[in-house]
Amino acid sequence: MIIRIVGEGQYEVPESFYDELNVIDNKIVDLVSEGNEGEYKSELTKLIDNIKSCGNQIDATEIVESDVIVPPEDLTFEEAKEVFKGEGIFED
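The rules behind the values
Residues numbered from 1 in each chain as written. Predicted model: local features only at pLDDT ≥ 70, side-chain atom pairs only at ≥ 80, totals over all residues. Heavy atoms only, no water. Patch = residues over 30% accessible without salt bridge, like charges linked within 9 Å, V, L, I, M, F, W, Y side chains within 5 Å. Areas by Shrake-Rupley, 256 points an atom, 1.4 Å probe, with all protein chains shown as cover. Salt bridge = Lys/Arg side-chain N within 4 Å of Asp/Glu carboxyl O. Lys, Arg positive; Asp, Glu negative; His and termini not counted. Charge placed at Lys NZ, Arg CZ, Asp CG, Glu CD. Helix = DSSP H or I, 4+ residues; strand = E, 2+ residues; numbered from the N terminus. Expected span 1.5 Å × (residues − 1). Buried < 20%, exposed > 50% of the residue type's maximum accessible area, 1.4 Å probe, protein only. Contact = heavy atoms within 4.5 Å. Axes fitted to C-alpha atoms, helices over the stretch in contact; angles between N-to-C directions. Parallel < 35°, antiparallel > 145°, perpendicular 65-115°, else oblique. Left-handed = near helix turned anticlockwise from the far one by under 90°.

J.: When you look at a negative patch on the surface in this model, what are you seeing that I'm missing?
T.: Together, D49, E73, D74 and E79 make up a region of like negative charge exposed at the surface. As for its placement among the helices and strands, D74 is situated in the loop between β4 (68–70) and α3 (77–83).

J.: Sorry, what's going on with helix α1 (residues 18–34) here?
T.: What sets the pattern is the α-helix's 3.6 residues per turn: residues three or four places apart point alike. A rise of 1.5 Å per residue sets the reference length of α1, with its 17 residues, at 24 Å; its end C-alpha atoms lie 24 Å apart and thus fit the reference within 8%. Within the span of α1, buried status applies to Y18, L21, N22, I24, D25, I28, V29, L31 and V32. Contacts made by the buried residues of α1 are with β1 (2–5), α2 (37–54) and α3. Downstream of α1 by a residue or two, G35 has a phi angle that is positive, lying close to 80°.

J.: I keep staring at the packing of α1 against α2 and nothing clicks. Help me out?
T.: Packed helices, taken two at a time, are described by the angle between their axes plus the distance between the axes. Here α1 crosses α2 at 165°, and the two axes come no closer than 9 Å. Taken together, the axes of α1 and α2 are roughly antiparallel relative to one another. Every pair of crossing elements has a handedness; the one defined by α1 and α2 is left-handed. Together, E20, L21, I24, K27, I28, L31 and V32 of α1 and E39, Y40, E43, L44, K46, L47, N50 and I51 of α2 make up the contact between the two elements.

What follows is the structure in structure tokens.
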């Protein structure tokens, strides 16, 4: 699976990590809907860190279609309300 982190590039992540990343994504959706800005930031950082640690960064010169696009770590809480809703960015 290819995941793009906006502003940081693409990572090839084994499919076996999809469920783990989806759990974090669903938690972010819940936190945003509850208005919990403090924990939201922490979980977004966790999501991005997990992608980087379990994936291999793709060379910037390669053109590969992304399966999932993750917003940057500095995404504001207001912006997150538009991104992390419904199923979130990882489809259930």
